[in-house]
Amino acid sequence: MLAVVAALEALEAGDQALAREILLGALEDGPSERRFTCPDCSASFEWPGLLEQHRQLAHDYEAAA
């Protein structure tokens, strides 16, 4: 979000090149690939531990309800 604000400020100042550079840099810093997908709901996670935690909290809870 800070990159968007900085890019808008650069545009307001008339510096289109700087705004473009800021936005392209923000794209590079974007979220990483989420390789671990839940087979039950297709939610995806960056780490296998997060997937297991999700499955325990979301799907084991649903089965008990």
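Residues numbered from 1 in each chain as written. Predicted model: local features only at pLDDT ≥ 70, side-chain atom pairs only at ≥ 80, totals over all residues. Heavy atoms only, no water.

Asker: An account of the packing of helix 1 (residues 2–12) against helix 2 (residues 16–28) is requested, with residue identities and associated values reported.
Answerer: For the pair helix 1 and helix 2, interaxial distance at closest approach is 7 Å and the crossing angle is 170 degrees. Relative to helix 2, the element helix 1 is oriented roughly antiparallel. Residue-level contacts link A3, A6, A7, A10 and L11 of helix 1 to Q16, L18, A19, I22, L23 and A26 of helix 2. Class assignment for the residues of the contact of helix 1 with helix 2 results in 10 nonpolar, one polar and no charged. (Axes fitted to C-alpha atoms, helices over the stretch in contact; angles between N-to-C directions. Helix = DSSP H or I, 4+ residues; strand = E, 2+ residues; numbered from the N terminus. Parallel < 35°, antiparallel > 145°, perpendicular 65-115°, else oblique. Contact = heavy atoms within 4.5 Å. Nonpolar A, V, L, I, M, F, W, Y, C, P; charged D, E, K, R; others polar.)

Asker: Give a description of the pattern of salt bridges that names residues and reports values.
Answerer: In the structure shown here, the tally under the stated rule is one salt bridge. Of the charged contacts in the structure, one is a salt bridge between R55 and D40, with a shortest N-O distance of 3.3 Å. Of the two residues, R55 sits in helix 3 (residues 48–64) while D40 sits in the loop between strand 1 (36–37) and strand 2 (44–45), which places them 15 residues apart along the sequence. Given the relative accessible area of 29%, R55 is considered partly exposed. On the accessibility criterion, D40 (48% relative accessible area) is partly exposed. (Salt bridge = Lys/Arg side-chain N within 4 Å of Asp/Glu carboxyl O. Buried < 20%, exposed > 50% of the residue type's maximum accessible area, 1.4 Å probe, protein only.)

Asker: Describe the environment of L24, naming the residues involved and giving the relevant values.
Answerer: Mapped onto the elements of the fold, L24 is located in helix 2. In this structure, the C-alpha to C-alpha distance between L24 and A3, residues 21 residues apart in sequence, is 9.6 Å.

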